[in-house]
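Spelled out, the chains give:
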Amino acid sequence: MAKLLATNKALEINLARLIESYPNIAFGVAWASSSTKLYDLLLEKKHKIRAGVVGTHFYQTHPKVLEDFVQSESVKFMLQPKGVFHPKLYLFWSEENWEAIIGSANFTAGALGENTELSTLISGEDGNRFNELQEIVRRYAAAARTITEQEASNYRRIWQAKQPSLRKLMDQYGESQASKPAVDSYVMSLDWPSFLSEIQRSDKTHGFDERLALLDQIRNAFLSTPHFKDLDSHIRRAIAGIPNNAIDNSAWFGSMKGAGIFKNRIISHPEHISAALDCIPLEGTVTRAQYENYIAEFLKAFPDGKDGVGTATRLLGMKRPDQFLCVDSANKRKLAKDIGIKGASKLDYARYWDEVVERIMDAPWWKSSPPKSKRELRAWKARAAMLDAIFYEPI
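Worth saying up front: this structure is predicted, and the values here are computed from it rather than measured.

Chemist: Can you help me understand the sheet that holds strand β4 (residues 75–78) in this one?
Modeler: What links the strands of a sheet is backbone hydrogen bonding, and the strands pair in either a parallel or an antiparallel sense. Strand order in this open sheet of seven strands is β1-β7-β6-β5-β2-β3-β4, and the pairing throughout is mixed. Where the open sheet ends on each side, the last strands, each with one partner, are β1 (2–5) and β4. Between one strand axis and the next, the sheet turns by 15° as a mean value, whatever way the strands run. Relative to strand β5 (residues 88–93), strand β2 (residues 24–29) is paired through six bridges, and the arrangement is antiparallel. When the bridges of β5 are listed, I25 appears paired with F92. Along the sheet, helix α1 (residues 8–21) makes contact with β1, β2, β5, β6 (98–103) and β7 (119–124), crossing β6 at roughly 150°.

Below, the structure written as structure tokens:
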């Protein structure tokens, strides 16, 4: 007998029934999760497992699964570096009968939740087919290995390190999933020539070359005087987006003229802001740790609050326009619409890195090689900040 299992619920109900009712269990799956009721049930009934093999490729299997079956002779793991262990076979039997589920579903939360899966439940008294399925699982087990406690510990550390990259492959940035696939973002899917054309075309109010000239002046200020607090107060105001006569058009890339407390810190008490900017190098890719150190120092300048993502990212965008965009009320709506940020009004410092910076650094135009043209190269070195030319809308 054969029956199609076309829904996640049908798969879950039948696997639970089979685990509960049969005295013998065998399986071979590419990946397994540890955060489901079905996994908890399997652990409860693990004395029934005669042979189980779980793959670990792409670090999709949760490390707790390995830890729960350390030194197990019945549940082993496939660790070969070449090829992908990819079956989805669940076999259950007693002296009188057997049943099996074969299809697309791994033993994961996704297969039991949001994934679209299709499996076939087969059962019967065909001894030859049952023996064939048992032999398949035996071959899997022969190629797999028992996991040691040290190997499980090593796997967890590697798994944790790879999680951000794995989430980005699924268009997930931070804790919330993107509201649209990356391919649906017009701006973040552009190559460098198209991006360059877009920032030139979109910059109708403020000239493209004038924007680059502003960023050149600010970079020269940082090169000549490494510590922000040692700069002339008018230059500090210009870098902070507070209009003044020191540098023309200093309010481009995010005007902070209404941020009174911020203005006071920039002019009269720049020490913590200067220490914060010292955490951000002028060259090389800025790391998350460096960014977090910057935020920690930046917050010290505002012990009573009145800090914000807009002011913090304005400074970042001016020191490192290749990697940071000032996100403020003038560009946030169009930015959020294009890349699918949910709840953009509640964008905080952590989400800014996860959902804006990480997304920028995944864009083809950001990953492109430096152009040879000097004029293009100036734009390429300011490519993240220049997003403001695309997303800016007058308030």
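Once the structure has been displayed, the description carries forward.
Chemist: Just checking my understanding: could you explain unusual backbone geometry for this structure?
Modeler: Most of the time, phi is negative for any residue but glycine, and the peptide bond is trans. At F58, a residue that is not glycine, the phi angle is positive and equals roughly 60°. Looking at the element boundaries, F58 is found in the loop between β3 (49–55) and α3 (63–68).

Chemist: Is there a simple way to explain the packing of aromatic side chains in this structure?
Modeler: The description of an aromatic ring pair rests on the distance of the ring centres and on the angle between the ring planes. All chains considered together, the criterion is met by 15 aromatic pairs. An angle of 35° between the planes, with centres 6.1 Å apart, marks the rings of Y291 and Y352 as tilted. Of this pair, Y291 sits in helix α12 (residues 288–300) while Y352 sits in helix α15 (residues 349–362); the two residues are 61 residues apart in sequence, bridging distant segments of the chain. Of the residues examined, Y291 reaches a relative accessible area of 3% and is grouped as buried. Judged by its relative accessible area of 0%, Y352 is buried. Ring pairs connect the aromatic residues Y291, F324, Y352 and W353, which therefore count as one cluster. Between the NZ or CZ atom of R211 and the centre of the ring of F253, over which it lies, the distance is 4.7 Å. For the cation-ring pair, R383 lies above W366, with the distance from its terminal atom to the ring centre recorded as 4.6 Å.

Chemist: Looking at this structure, I do not really get the side chain of K45. What am I missing?
Modeler: Within the secondary structure layout, K45 lies in the loop between α2 (37–44) and β3. For K45, a relative accessible area of 16% corresponds to the buried category. Sequence-distant contacts of K45, defined by excluding residues within four places in its chain, comprise I19 and E20.

Chemist: I would appreciate a short explanation of the packing of helix α11 (residues 271–278) against α12 in the present structure.
Modeler: Working note: a packed helix pair is described by the angle between its axes plus the distance between those axes. Across the interface, α11 lies against α12 with an axial gap of 7 Å and an inter-helix angle of 175°. As the angle between them shows, α11 and α12 are arranged roughly antiparallel. Contact residues: α11 offers H272, I273, A275, A276 and L277, while α12 offers Y294, E297, F298 and K300. Of the residues belonging to the contact of α11 with α12, the class tally is six nonpolar, one polar and two charged.

Chemist: Just checking my understanding: could you explain the layout of surface pockets for this structure?
Modeler: Once rolled over the atoms, a probe with the size of a water molecule shows which space is left empty. As a volume, the largest pocket reaches approximately 730 Å³. For the lining of the largest pocket, the secondary-structure elements that each account for two or more residues are α4 (109–112) and α6 (149–169). Broken down by element, the lining of the largest pocket gets its largest block of residues, four residues, from α6. When the residues that make up the lining of the largest pocket are grouped by side-chain class, the tally is eight nonpolar, 14 polar and three charged. The wall of the second largest pocket is formed by 22 residues, among which R219, P321, D322, K381 and A382 lie closest to the centre. If you list the elements that add at least two residues to the lining of the second largest pocket, you get α8 (208–224), α13 (309–319) and α17 (374–380).

Chemist: Just to check I follow, could you spell out empty space enclosed by the protein for this structure?
Modeler: Considering all chains together, one arrives at one cavity of 30 Å³ or more under this definition. In this model, the largest cavity occupies a volume close to 110 Å³. Lining the largest cavity are 14 residues, and of these F27, V29, L42, Y90 and F107 lie nearest its centre. Take the lining of the largest cavity: its biggest share by element is three residues, from β2. Here the lining of the largest cavity is built from residues that sort into 14 nonpolar, no polar and no charged.

Criteria and thresholds
Residues numbered from 1 in each chain as written. Predicted model: local features only at pLDDT ≥ 70, side-chain atom pairs only at ≥ 80, totals over all residues. Heavy atoms only, no water. Pairing = 2+ DSSP bridges. Helix = DSSP H or I, 4+ residues; strand = E, 2+ residues; numbered from the N terminus. Axes fitted to C-alpha atoms, helices over the stretch in contact; angles between N-to-C directions. Contact = heavy atoms within 4.5 Å. Phe/Tyr/Trp six-rings, centres within 6.5 Å; stacked < 30°, edge-to-face > 60°. Buried < 20%, exposed > 50% of the residue type's maximum accessible area, 1.4 Å probe, protein only. Lys NZ or Arg CZ within 6 Å of the ring centre and 35° of its normal. Parallel < 35°, antiparallel > 145°, perpendicular 65-115°, else oblique. Nonpolar A, V, L, I, M, F, W, Y, C, P; charged D, E, K, R; others polar. 1 Å grid on protein atoms, 1.4 Å probe; cavity = no way out; pocket = protein on both sides within 12 Å on 5 of 7 lines; lining within 4 Å. Points joined across faces, edges and corners; volume = space filled by probe spheres on them.

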